[in-house]
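# Analysis of the macromolecular model
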Amino acid sequence: MTINQKTAQLLKRVAAVFWISEGDTFRYRAYINAAVAVDNLTVPIADIWEQGKLDSVPGIGEKLVSYLDEYFSTGKVRHFDSIMKRVPSGMFSLMEIRGIGPAKSYKIANKFQLDNQDTAISDLKKILSKGELFKVAGFKEKSIRNLKKSLRSHKTKSNRMLLAQALEIAGEYITYLHKSPLISKAEPLGSLRRKLPTIGDIDIAFCSHNSRESMQYALKYPKIKTVILKGDKVARVRLENGISVDLKSSDVKMWGSLLQHYTGSKLHNIQLRKYALEKGLSLSEYGIKKDGKIYRFKTELSFYNFLGLEYIPPELRESTGEIELSRSKKIPKLVKLSDIRGDLHIHSDFVYPSSHDHGSNPLTEILNQASLQGYEYIGISDHNPKFQGLKESKKVEILKNRRKYLENEYKECENDVKLRVKYLLIGMEVDIRPDGSLALSDSALSLLDYVIASIHSSFDLTIEANTRRIINALSHPKVKILGHPTSREINKRESIKADWDKIFDFCFKNNKILEINASPTRLDLPDDLIQKAVSKGVKMIVNTDSHSSEQLQNMQYGVWHARRGYAKKKDIINTLDFKNLRQVLEL
DNA sequence: GCCGTTTTCGGCCCGACTGTTTTCAGTCG
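Residues numbered from 1 in each chain as written. Chains lettered and ligands numbered in written order. Predicted model: local features only at pLDDT ≥ 70, side-chain atom pairs only at ≥ 80, totals over all residues. Heavy atoms only, no water.

## Some words on the overall build of chain A
A count of helices and strands for chain A gives 24 helices and 17 strands. At 27 Å, chain A has a C-alpha radius of gyration in line with the 25 Å of a compact globule built from 587 residues. Projected onto its principal axes, the C-alpha coordinates of chain A cover approximately 80 × 60 × 50 Å. Long-range contacts, defined here as pairs at least 24 residues apart, represent 68% of the contacts in chain A between residues at least 6 apart. Counting only carbon and sulfur atoms, one obtains 50% of the accessible surface of chain A, whose full area is about 27,500 Å². Of the side-chain charges in chain A, 94 are positive and 70 negative, and the distance between the mean point of each set is 6 Å. (Helix = DSSP H or I, 4+ residues; strand = E, 2+ residues; numbered from the N terminus. Rg over C-alpha atoms; globule rule 2.2 N^0.38 Å. Contact = heavy atoms within 4.5 Å. Areas by Shrake-Rupley, 256 points an atom, 1.4 Å probe, with all protein chains shown as cover. Lys, Arg positive; Asp, Glu negative; His and termini not counted. Charge placed at Lys NZ, Arg CZ, Asp CG, Glu CD.)

Right, here's the structure in full:
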């Protein structure tokens, strides 16, 4: 469990106690809102706490700042501990079961005196097998059957899946939906549409004149394992692969409202509804209620405009200030995939003793794919020859041979109109060593058109050490680009710690470029740091880090991610034509 | 407990679905 999940869980538990012991639903909601906000953060909340910016998280106010301060400095909150004693603590474990919330978990834990969080789930299983849950009011045959079902699929929380995986799974389902003549439109919504790097559940909406029949068709999808919830408008299923899918059906007349509602985020919608209430309007998935009359919207644009707001792209709907921008008509024009004119982080199949993996496709195949994507230029940036065990003269020879190999390949297809990518740059991705020096000598570096410097080792240095290390590497005149800056790997490795303010200021002053690595397993810079870089005027480049020609198509993921970070065309240097790109990179 | 373009008090997003209920509570997103 991440620190954010853990913190959110704590807040949810405290919320439950306020509801159960005091019936205080408003304080309950306040704690739940805070929990949701924490759960949705894209950065570890402990980092925000370290920076003293907890109060910038929506839903966290003065009181919670002080409680969380105590939590992060001592590991506990005395106030929380004392109020949590009011209930049998086994209920907190039961709350993790789907379908069991504060009220039901309290009833069960109270009746059977489940005081131990660690054994509460197994205790409940025993109670169920003895058939004793009937003793608790409100539990009868159906609810007990559902509880047993939930318990069977109750496991430790698995990782959220990557956006790329989720899009594929959703895509298959949508292909199935489109086969029905009843269904005119079907789209992925929720976090999938907002293009979050990771996805929990998949949301799919479809449009039909016959809600009931089209939902029946949707529930016949062959890959469904179980139907969890079934209505005409909303259903939830679990697929054979264990992934949950939420299905929503709508009429064409209110498609816009439905898209808006189920795209979320939850916090964006809550904020939007509060804003609407101030104007005497009430929002829902059916439209906008004004003086008892409901207005319906076929498009999201008309929905937002009715509220006096500028259209907000889904990637920005995270309650990070987008509604204020929209009110003052200052939503930025975000970079688009079609703005991209090249990719400078591609690995070729040239074989040599390399420090890391080389690519799997020859340049001709890379060029073929690049021209399909309409690129004007590409840059090959293989990893540097391994640092130890090779003589300097050998490294220089490798670099010379590589250039020859790539240039020959390029020449061979130069006349092929189909493979017409006008410019080829031959660069390298060079390791930043723990002390900030580069893993390649100056004489070897001079053989390259450009250099991307990246961290591939010693990830757990201190903030100060990493900051020094990165600035040191970027200080080399040959280094123009910082590759996958935080070196995070989604679900696998946390971002390194560094003083990004300081690094970004250095980049701005010295014309250094930050990479937005488009690999779905990295998406690095993270979106909040992209937003920071944009605000500081630091330039960025979206690169795929392709190790095969196919991966050039990952550019889309990088662009989506850049958009989540409020990046405009002018913030991204590979939207420039080659002439201007050369100037920026001082080639 | 949070929050503010009717601000420091007095409100607090909206609706679907389910089960156990005779009109609603709980849970979820």
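## Remarks on the nonpolar core
Judged by nonpolar contacts, the single largest core of 64 residues is most densely connected at Leu363, Ile378, Ile470, Phe504, Leu514 and Met540. Contacts of Ile470, omitting those with residues within four sequence positions, involve Ile455, Leu482, Pro485, Ile496, Ala498, Trp500 and Ile503. By size, the runner-up hydrophobic cluster in this structure holds 51 residues, among which are Ala16, Tyr71, Ile83 and Met95. (Core = buried A, V, L, I, M, F, W, Y, C linked by side-chain atoms within 4.5 Å. Buried < 20%, exposed > 50% of the residue type's maximum accessible area, 1.4 Å probe, protein only.)

## Details of the protein's contact with DNA strand B
Gly59, Gly61, Gly101, Arg273 and Tyr286 are the nearest of the 47 residues found near DNA strand B. Counting only the atoms of DNA strand B that lie within 4 Å of the protein, the sugar and phosphate share comes to 79%. Within the backbone of Gly59, one N or O atom sits 2.7 Å away from a phosphate oxygen of DNA strand B. At 2.8 Å, a backbone N or O of Lys230 approaches a phosphate oxygen of DNA strand B. Of all the secondary structure elements, the ones that give two or more residues to the surface near DNA strand B are α2 (25-39), α4 (62-74), α7 (102-112), α9 (141-152), β5 (224-230), β6 (234-239), α14 (266-278) and β8 (281-284). For the surface near DNA strand B, a count of residues per class yields 18 nonpolar, 10 polar and 19 charged. (Near = heavy atom within 4 Å. Polar contact = N/O pair within 3.5 Å; in protein donor to acceptor, adjacent residues only side chain to side chain. Nonpolar A, V, L, I, M, F, W, Y, C, P; charged D, E, K, R; others polar.)

## As for helix α10 (residues 163-178)
Helix length check: α10, at 16 residues, gives a terminal C-alpha distance of 22 Å against a target of 22 Å (1.5 Å per residue), a fit within 8%. Those residues of α10 lying buried are Leu163, Ala166, Ile169, Ala170, Tyr173, Ile174, Tyr176 and Leu177. For α10, the buried positions fall inside an angular range of 155 degrees around the axis, keeping them on one side. (Expected span 1.5 Å × (residues − 1). Arc of directions from axis to C-beta.)

## Some details on the packing of aromatic side chains
Evaluated as defined, the whole model comprises 21 aromatic pairs. Aromatic pair Tyr176 and Tyr217: ring centres 4.4 Å apart, planes at 0 degrees, arrangement stacked. Placement of the pair is Tyr176 in helix α10 and Tyr217 in helix α12 (residues 211-218), with a sequence separation of 41 residues. Residues Tyr176 and Tyr217 agree in their burial class; the two are buried. The interplanar angle of 40 degrees and the centroid separation of 5.3 Å between the aromatic rings of Phe350 and Tyr405 together place this pair among those described as tilted. Placement of Phe350 in the loop between β11 (342-346) and α17 (363-372) and of Tyr405 in helix α18 (residues 392-412) is noted, with a sequence separation of 55 residues between them. Among the residues examined, Phe350 registers a relative accessible area of 13% and is labelled buried. An aromatic cluster is built from Tyr295, Phe297, Phe303, Tyr304, Phe306 and Tyr311, whose rings are joined through pairwise contacts. In this structure, Arg27 is placed above the aromatic ring of Phe18, and the distance from its NZ or CZ to the ring centre is 4.1 Å. A cation over an aromatic ring shows up here: Lys195 above the ring of Trp560, its NZ or CZ 4.6 Å from the ring centre. (Phe/Tyr/Trp six-rings, centres within 6.5 Å; stacked < 30°, edge-to-face > 60°. Lys NZ or Arg CZ within 6 Å of the ring centre and 35° of its normal.)

## Quick look at the domain arrangement of chain A
Here the domain parsing of chain A yields domain 1 (3-153) and domain 2 (337-585). Computed from C-alpha coordinates alone, the two centres of domain 1 and domain 2 are separated by 44 Å. Contacts between domain 1 and domain 2 engage five residues on the former and six residues on the latter. Between domain 1 and domain 2 the total buried area reaches about 370 Å² when both faces are included, carbon and sulfur atoms providing 34% of it. At the surface where domain 1 touches domain 2, the tally comes to one salt bridge. For the salt bridge of Asp47 with Lys497, the shortest nitrogen-to-oxygen distance reads 3.4 Å. (Domains from an automatic or database assignment. Buried area = accessible area lost by both parts, 1.4 Å probe. Salt bridge = Lys/Arg side-chain N within 4 Å of Asp/Glu carboxyl O.)

## Looking at the packing of α17 against α18
Across the interface, α17 lies against α18 with an axial gap of 9 Å and an inter-helix angle of 55 degrees. Regarding the angle of α17 to α18, the classification is oblique. Seen along the crossing, α17 lies across α18 with a hand that is right-handed. The segment α17 lies against α18, with Leu363, Thr364 and Leu367 engaging Leu406, Glu409 and Tyr410. Taken together, the residues that form the contact of α17 with α18 break down as four nonpolar, one polar and one charged. (Axes fitted to C-alpha atoms, helices over the stretch in contact; angles between N-to-C directions. Parallel < 35°, antiparallel > 145°, perpendicular 65-115°, else oblique. Left-handed = near helix turned anticlockwise from the far one by under 90°.)

## Describing the packing of helix α21 (residues 500-510) against helix α22 (residues 527-536)
The geometry of α21 relative to α22 is characterised by a closest axis approach of 10 Å and an angle of 40 degrees between their N-to-C directions. Taken together, the axes of α21 and α22 are oblique relative to one another. The two elements α21 and α22 cross, and the hand of that crossing is right-handed. Facing α21, whose interface residues are Trp500, Asp501, Phe504, Asp505 and Phe508, α22 presents Leu529, Lys532, Ala533 and Lys536. Classifying every residue of the contact of α21 with α22 by side-chain character gives five nonpolar, no polar and four charged.

## Description of the environment of Tyr375
You can see Tyr375 is positioned in the loop between α17 and β12 (377-383). Accessibility expressed as a relative area gives 4% for Tyr375, which makes it buried. Here the alpha-carbon distance between Tyr375 and Arg420, two residues 45 residues apart in the chain, equals 8.6 Å. What Tyr375 contacts, discounting residues up to four positions off in sequence, is Ile340, Arg341, Gly342, Asp343, Ala370, Arg420, Val421, Leu552 and Met555. A distance of 3.0 Å separates a polar atom in the side chain of Tyr375 from a polar atom in the side chain of Gln373.

## Looking at the pattern of salt bridges
Counting across every chain of the model gives 34 salt bridges. Note that Asp501 and Lys532 form a salt bridge whose closest N and O atoms lie 3.1 Å from each other. You can see Asp501 sitting in helix α21 and its partner Lys532 sitting in helix α22, a full 31 residues away along the chain. A relative accessible area of 31% means that Asp501 is categorised as partly exposed.

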